[in-house]
Amino acid sequence: MASQKKKSFKIEPFKHAYTLDPGYADKTWKILEDAIREINGHNASGLSFEELYRNAYNMVINKFGDRLYNGLVETITAHLRSIAAKIEATQGESFLRELKLRWDLHNKSMQMIRDILMYMDRIYVKHNNKVPVRQLGLDLWRDVVVRNKRIMDRLLTILLDHIHRERTGEIIDRSLLRSITQMLMDLGQTVYCDDFERHFLVKAAEFYQVEAQEYMSSSDCPEYLKKAEKRLAEEIERVSNYLDPISEPKILNVVETELIANQMKSLVEMENSGLIALLEQDKYEDLARMYALFKRVPTGLELLRGMMLEHLKETGKGLVTDPERAKEPVEFVQRLLVEKEKYDRLINSSFASDKTFQNMLNSAFEFFINLNQRSPEYISLFMDDKLRKGLKDMSEDDVEGVLDKVMMLFRYLQEKDVFEKYYKQHLAKRLLSNRTVSDEAERSLLVKLKTECGYQFTSKLESMFNDIKTSRESMQDFKNRNRGSEAGTSADAGAPRPEDELELTVQVLTTGSWPMSNVAKCNLPRECERTCEDFKDFYLKTHSGRKLSWQTHMGNADLKATFGTSKHELNVSTHQMCILLLFNEVDSMSYRDILGATGIPASDLKRSLQSLACVKGKNVLKKEPMSKEIGESDTFSFNEGFRSKLYKLKISTVSAQKESEPEKQDTRHRVEEDRKPQIEAAIVRIMKSRRTLDHNSIVAQVTQQLSARFLPNPTVIKKRIESLIEREFLERDATDRKLYRYLA
Amino acid sequence: MDLFLAVKTGDLETVRYLVEVQAVSLQQHDAWNAPPLYYASLCGHEHLVRFLLSRGAKCEEKTYDGERCLYAALNDKIWRILIDEGFKRQAARGHDQYLEFLERCFDNPASFPDIEFTVQDTRVQAHRFLLAARSPYFGKLIARRWRNHRSVALFPDRVEPECLYALLRWFYTMRLEVPADELQSCIRLCKALKLHDLEEQLTEKAFSAAAIGDEYGSVVVEPMREDAKAQLQDAMEVAVAACCQRQADSEGTSSSGDYDLVLELGSRRYRCHRAFLCARSDYFGTMLNSSFREGVVDSEGSIQHVSMDDMDPQVLVSALRWVYTDRLDADLPGELLLQVMRFADRMIMEGLKNKCAVLLHPHIEQSTALPLLAEALQMDCDRLADSCIRCLAVHLLELVQEPLFTELVRDSIATVQNRQEFDSVPLIDDVRFHIGQLHGDGELSEDEDDDMGMPALADMPSATDGCVPEGAAAPSNGQLSMSERQQKLAALDQVLADIGIEA
């Protein structure tokens, strides 16, 4: 090395200064070892940092790093052994305190040792991939003290005992526990998890298993839930108080499993306090708690939903099949609405508007509303009722609200076409008798139906509205024309029109849009007949190529009648008018005569006569013999002595609001008939695009296509397919009988 | 005249007039909250962009204005200018440990302050020696009126708290920022403290602020970073000179009494300041905050004595100078430089160690490569080690016989724990890498390896005595470097074979 003296500079063999002294390493280490002892003995304030650092530095520089490092490990290990013995020797309660005290002191010492060995830490440890001094201190503490079997077992027992005591309501020293768990965590997450947390979780599971049994036998469901909620909150608090945050999900999982998941089935099924009871008693708060708790465990909500669905179906079924309720359609629908509202509110307030629960509610309603075949009719009747009178005193928003709710129910209907049938009938009645309360409400309902079911569904309904509107306009024209001709003709014809010229209002309805069959026209009185002819001429002049036929059974008339001294104005149906006008000529007529003279169909005639003769206070005709029923041999006469306090009287035809059984059958039949072409159209549409398809797929697709309107019966579909094959729209595949082909 | 209009139209003369004569601020924003540079960039006035940047317009990375200017750049050329002049300049001056360290010292209770100023409720902590070094006027006050006061209360009717704070901060950072409405009282304060330069600059600012009617916001005086650093360093030179003064000389002078740490080296005393030594050296930081004798503060303001007996005074002075000023004499002889580096390593002053390593680079040559390499490896100084290995690779044939080389190879082998057959030796790998770099990177084919390798080895003895033989260069250049490369690789293999390892 001396030979390399060249021009620039010589590098002193700086680091080999001490190697000459063979005892150097031993001597230096002795100094440091003593110092470490002093530090461990907490007697370090007299030591010189400068001196110790210099010695450690020199040892590293002179390649005695191994000696230094190994010496350090030995010294500290020996020291910790004695500490461990001291900790072991502590009795009872002070064990934890002693452990914590020793741990704090150890940390302090290690900090000082680290300070003087800083150079070794930076150079020797790094070059030789050793464990840094700080970590070394932790590792040795872990291995020598904490994992010392006698200490570990005792530590664990005491920790778990403390936690158990706190669970049972005792006050414990949380800050002490906190520092102990913190120590375990400082030693590494694995120490905390393996040596403490694992046992902690097992103990917790045992504890809560027992507790769950106790609670189950002593409390009812809401109370149990309250307790479980409290326990969960306690565990969260415990973690934040003196455990590591990583434990939180694990311990919560234990509590959830033991207190909720394992018990939830028995909980919801509890007599008098389970889910059903809570639902029936509107215990929103308890239900909210149940939801929140069950949500924590995997199948909790599923269980809740399933149970609720069953319950809803059950109560709903009771509701719709109860014959008592079915008598009152409005009441029936109102009841459904109340039920729906109740569960909506429940889901919103207690179940956090959970979508899955909303779906469950929908499927339940869909299930039981369609259990009753008359639901479509009732819903339509409910709307009819609301639109006739129910909406009078309500604001626009309220009206919208009611309509929206009914639309909810409508959505559940499978047989929407049946509903359409009834709705059309009821709408027609409302429009013709001018009974609808709010045009706006009618319109808005129509719009709702349109958005729900499409244009097709409401086109006829809309055309009904249009008919009414155009009729009003053409009536205006008709009246103007009459007045005009009066002025124009009075001069040359010189025949003034009679004073008692009757005023005619005609509503021209498009055939097909309105739900009515062609009924034979009755014989109108002459006065009427003339005016009708007038209108017919007027109308056909402006609308050539159309045919007018009179629907006399739908009309009504105002008559002025004189009964002896009292005069009255009677509001009657067209049929009744025809009957009454007969008595202008004669005072008494037999049933047969009336039938012959008016030509009114027998059933209608009977009803008309019934309301004219048999209703008390409105009996403008007398009947022989006096009875409630109209017989074929009865005789009717003008009731001279009729008296009433009212000047205006309305004599309404007795008419059933609800359909009678045969009528219902009739409607059903018509619905079935209407469905046939729709099903056929759907089949053809599908086959046109698919060319070949097997039977089951056709059925599935047809059902899907038509589900917005009704649920077609598979056997009906099969019949339609057969009919289409007959008419050579389709053919069966030659090889596979289940396969159909489309014939262009 | 409107600066923004001139910038938009590209009127350099007007802009120059406004900026240089009227001292219009370039940091102002128009109604759309955009700075002038933004419009110059947007409208594509390259000359204006350069001009504005040269006059201190800011275009800094990750600032709203900076990114906005860059985004607005009309063409790539302007974009490039903004990146080069704006972002990079900022990056260059962005991070300076010395300046950051000084800034941290200010008003920081952890940095051993020894004087506290109070105005009303505002308390500011500072260091006597630093104030004295920065301002002769303060020096006088500290030496006389405030000599024995740790806390100095100032009268609020004479000093605004904010001004005092800003001004004291300026002593540490060269950056003064005061609210515009405090500007006048700050100027008065500068006058009172006889800070004439600063007073002048502030007056100018006040003038221009009044000219543009900018009465809100804050006024900033900030020289370019290099200038600021140089000024602070110059001031600290005074302080470090005071530290190293002999006891006898310093007795009468003003500021040298304000030390709190004495380094003893034989009969010499270096009167230093914990504030600086602790922050610049982990050794002192740890020592003075530890629970050992040195770290125990028995009474308020006691002066700690630390023995530095095994040091060279020259080394200590150089290191102290670095601690205070961040400067190291570039002309130090190599031996001293190395000693300073060893000292820095021992005292854990990373900055000084790196600086030494940089300065040592020119000293690497055939004779010093190996010992320096040993030092660099010992001190964990990778860049120096790499340069040494490179030099070693050049002179390998001469140095391979040195016992120190074998020793270093042995050390390197020892660093690989649980050595396996297939493990290589890091040092040998590095040398081989550099040989590859020196003599062309191309991998040899097996044939060449055999053909060229064996004869080269035979030649070796004659090549070891100093330089590459002249004659060897004759055949062809490529041939030569091939054979030299072969020789070196073979020599390395020989060393390993001697040690008894295959790698």
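Conventions adopted
- Residues numbered from 1 in each chain as written.
- Chains lettered and ligands numbered in written order.
- Predicted model: local features only at pLDDT ≥ 70, side-chain atom pairs only at ≥ 80, totals over all residues.
- Heavy atoms only, no water.
- UniProt positions renumbered as here; feature names shortened; annotations may be inferred.
- Helix = DSSP H or I, 4+ residues; strand = E, 2+ residues; numbered from the N terminus.
- Contact = heavy atoms within 4.5 Å.
- Buried area = accessible area lost by both parts, 1.4 Å probe.
- Salt bridge = Lys/Arg side-chain N within 4 Å of Asp/Glu carboxyl O.
- Polar contact = N/O pair within 3.5 Å; in protein donor to acceptor, adjacent residues only side chain to side chain.
- Buried < 20%, exposed > 50% of the residue type's maximum accessible area, 1.4 Å probe, protein only.
- Axes fitted to C-alpha atoms, helices over the stretch in contact; angles between N-to-C directions.
- Left-handed = near helix turned anticlockwise from the far one by under 90°.
- Nonpolar A, V, L, I, M, F, W, Y, C, P; charged D, E, K, R; others polar.
- Arc of directions from axis to C-beta.

An unreviewed UniProt entry lists chain B under the name BTB domain-containing protein, with [Myrmecia] bisecta as the source organism. If you open the UniProt record of chain B and go to Pathway (unreviewed entry), you find "Protein modification; protein ubiquitination."

Within an unreviewed UniProt entry, the label attached to chain A reads Cullin family profile domain-containing protein, and the organism entered is [Myrmecia] bisecta. Recorded in UniProt under Pathway (unreviewed entry), the annotation for chain A is "Protein modification; protein ubiquitination."

Participant: How should I be thinking about unusual backbone geometry in this particular structure?
Facilitator: Excluding glycine, residues mostly have negative phi values, and the peptide bonds linking residues are mostly trans. Positive phi, normally seen in glycine, also occurs at A:Asn129, with a value near 50 degrees. You can see A:Asn129 is positioned in the loop between helix H6 (124-127) and helix H7 (133-146). Of note in this structure, B:Asp326 is not a glycine but carries a positive phi near 65 degrees. Within the secondary structure, B:Asp326 sits in the loop between helix H17 (313-325) and helix H18 (334-347).

Participant: Please explain the interface of chain B and chain A as it appears in this structure.
Facilitator: It is common to give the size of an interface as the accessible area that goes away when the parts come together. Every contact between the two is made by 37 residues of chain B and, on the other side, 37 residues of chain A. Buried surface at the junction of chain B and chain A, summed over both partners, amounts to about 3,500 Å²; 55% is from carbon and sulfur atoms. Area buried by chain B at its contact with chain A is led by B:Phe292, B:Arg346 and B:Gln378, which between them contribute 21% of it. One can count 3 salt bridges joining chain B with chain A. Its salt-bridge partner being B:Glu350, residue A:Arg122 comes within 2.4 Å of it at the nearest N-O pair. Counting every contact that joins chain B to chain A gives 9 residue pairs in polar contact (both at pLDDT 80 or more).

Participant: Which parts of the structure should I look at to understand the pattern of salt bridges?
Facilitator: Two side chains of opposite charge can pair, provided their charged atoms sit close to one another. All names here are of chain A. Per the stated rule, a full pass over the model turns up 68 salt bridges over all chains. A salt bridge links Arg-231 to Glu-211; the nearest nitrogen and oxygen atoms lie 2.7 Å apart. Note that Arg-231 is positioned in helix H11 (residues 221-242) and Glu-211 in helix H10 (residues 189-218), a separation of 20 residues in sequence. Considered together, Arg-231 and Glu-211 belong to a single accessibility category, that of buried residues. The residue Arg-430 makes a salt bridge to Asp-384 at a minimum N-O spacing of 2.4 Å. One end of the pair, Arg-430, is in helix H22 (residues 416-432); the other, Asp-384, is in helix H20 (residues 375-390), with 46 residues separating them in the sequence. Residue class for Asp-384 comes out buried when judged on its relative accessible area of 2%. Three or more residues joined by partner-sharing salt bridges are found here, namely Glu-166, Arg-167, Arg-174, Glu-235, Glu-237 and Arg-238.

Participant: When you look at the packing of helix H2 (residues 49-61) of chain A against H18(B) in this model, what are you seeing that I'm missing?
Facilitator: Packed helices, taken two at a time, are described by their axes: the angle between them and the distance between them. Running from N to C, H2(A) and H18(B) point in directions that differ by 115 degrees, and their axes come no closer than 11 Å. At the point where H2(A) passes H18(B), the crossing takes the right-handed sense. Contacts between H2(A) and H18(B) involve A:Glu50, A:Tyr53, A:Arg54 and A:Tyr57 on the former and, on the latter, B:Arg342, B:Asp345 and B:Arg346. Of the residues in the contact of H2(A) with H18(B), the class split is 2 nonpolar, no polar and 5 charged.

Participant: I keep staring at helix H27 (residues 591-598) of chain A and nothing clicks. Help me out?
Facilitator: Residue and element names in this part refer to chain A. By the burial criterion, the buried members of H27 are Tyr-591, Ile-594 and Thr-598. The arc that holds every buried residue of H27, seen down its axis, measures 65 degrees, which confines them to one face. Exposed and facing more than 90 degrees away from the buried side of H27 are Arg-592 and Gly-596. Buried-residue contacts for H27 involve helix H26 (574-582), strand E3 (588-590), helix H28 (602-613) and strand E5 (635-638). Positive backbone phi, at 70 degrees, marks Gly-599, one or two positions downstream of H27.

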